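So you can see what is in the structure, the chains are spelled out below.
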Amino acid sequence: MLVYKTSFFSVYFGDAQSSLPRDFLMTPCRKEELWQEKPLGAIKTQLQLEDLVFLKQTHSTLGEVVSDENLSALMRYKPEGDFLITQRAQTGLGVYTADCLPIVVYDKAHNVMGMCHAGWMGTVHKVIVHMLQRMQKEYGTDLEQIQILFGPSAQACCYEVQEDFRGHLKDFSFQERVLHERSGKLYFDIPLCNKLQLLECGVKPEQCDFSYNTCTICVDGFCSNRRNRESMNRQLTVAVLNKKI
Ligand SMILES: [Zn+2]
């Protein structure tokens, strides 16, 4: 478990030790029940959260803007979606993963937080681009002024795909760069595929921070669907704006 903190926002990067069952995270529950659950109570204290929102993640390109008006409905009903955006302080935006990639986007100029869940399917359907477009539409986000943090995910050292996976990438100009061939096997580079999509949108490489992007398959201590298909536990990534500006 690691916490990234600035005076403007904080991000919690969880691991297997502080993971929770996927079913619990997907199922609607009351706010009080949320905080009683380990490790959510501890994350609440550490990040000084008032609220915490998760969606029913379905590898889509859909997402929600969390506002004063819809917060309690989102917490109570957990609609389907794979990104969350907010300008609300102390409102945690959460994703849960086991090999998929959590991407945190902070827009300093407008004090807006975005949190995206990008598995291979979300990645090939450009879920991160959908989230950025929504941030631009809702808040006028300038992509040259955002900061991006990549959480733990499967990486090209381990993430084997079949030959027909190439078909999913046929519309990307950088297809060859995100597929690596080694000893007759093919590996997909999820973090790089998302980074290259960001660069195509005008983001600069120095805006992307990969310090927390550990490989969940070959590094012990993370939930990994590839390494342990039986486990339904998911590690959490939670991002929050510390204050209203
Ligand atoms: Zn690896």
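Residues numbered from 1 in each chain as written. Predicted model: local features only at pLDDT ≥ 70, side-chain atom pairs only at ≥ 80, totals over all residues.

Draft legend 1. Broad picture of the overall build of the protein. Helices and strands together make up the secondary structure of the protein, namely 7 helices and 15 strands. In terms of overall dimensions, the protein is globule-like: its C-alpha atoms have a radius of gyration of 17 Å, near the 18 Å expected for 245 residues. Based on the C-alpha atoms only, the size of the protein along its principal axes is roughly 50 × 40 × 30 Å. By residue count, 42% of the 245 residues in the protein fall in the buried class. Pairs at least 24 apart in sequence give 71% of the contacts found in the protein among residues at least 6 apart. (Helix = DSSP H or I, 4+ residues; strand = E, 2+ residues; numbered from the N terminus. Rg over C-alpha atoms; globule rule 2.2 N^0.38 Å. Buried ≥ 20, exposed ≤ 12 C-beta atoms within 10 Å, placed from the backbone. Contact = placed C-beta atoms within 7 Å.)

Draft legend 2. Structural view of the environment of Lys-38. Mapping Lys-38 onto the fold places it in the loop between helix 2 (31-36) and helix 3 (40-47). Considering only alpha carbons, one finds Lys-38 and Leu-20, 18 residues apart in sequence, at a separation of 8.0 Å.

Draft legend 3. Highlighting the sheet that holds strand 11 (residues 160-161). Across the sheet, which stays open at both edges, the 3 strands sit in the order 11-13-12 with antiparallel pairing between neighbours. Each edge of the open sheet is held by one strand with a lone partner, namely strand 11 and strand 12 (179-182). Direction of pairing for strand 11 relative to strand 13 (residues 185-188): antiparallel, over a ladder of 2 bridges. Paired with Val-161 across the bridge in strand 13 is Leu-186. (Pairing = 2+ DSSP bridges.)

Draft legend 4. Examining helix 6 (residues 127-139) more closely. With 13 residues, helix 6 ought to run about 18 Å at 1.5 Å a step, and its terminal C-alpha atoms sit 18 Å apart, in line with that. If you check which residues of helix 6 are buried, you get Val-127, Ile-128, Met-131, Leu-132 and Met-135. Seen from one end, helix 6 has its buried residues packed into an arc of 140 degrees, which puts them on one side. Contact partners of the buried residues in helix 6: strand 5 (63-66), strand 6 (83-86), strand 8 (101-107), strand 9 (112-118), helix 5 (120-124) and helix 7 (190-200). After helix 6 finishes, the residue Gly-140 shows a positive phi value of roughly 70 degrees. (Expected span 1.5 Å × (residues − 1). Arc of directions from axis to C-beta.)

Draft legend 5. The arrangement of the environment of Thr-58 in detail. Relative to the elements of secondary structure, Thr-58 occurs in the loop between strand 4 (51-53) and strand 5. According to the C-beta neighbour criterion, Thr-58 is partly exposed, with 14 such atoms within 10 Å. Distance in space between the C-alpha atoms of Thr-58 and Pro-79 is 10.0 Å, their sequence separation being 21 residues. Those residues within four positions of Thr-58 in sequence are excluded, and the remaining contacts are Glu-80 and Asp-82.

Draft legend 6. Looking closely at the pairing of strand 1 (residues 2-5). Here 4 bridges tie strand 1 to strand 2 (residues 9-13), and the two strands are oriented antiparallel to one another. Residue Leu-2 lies in a different strand from strand 2, and its bridge partner there is Phe-13. Between strand 1 and strand 2, which pair antiparallel in sequence order, lie 3 residues.

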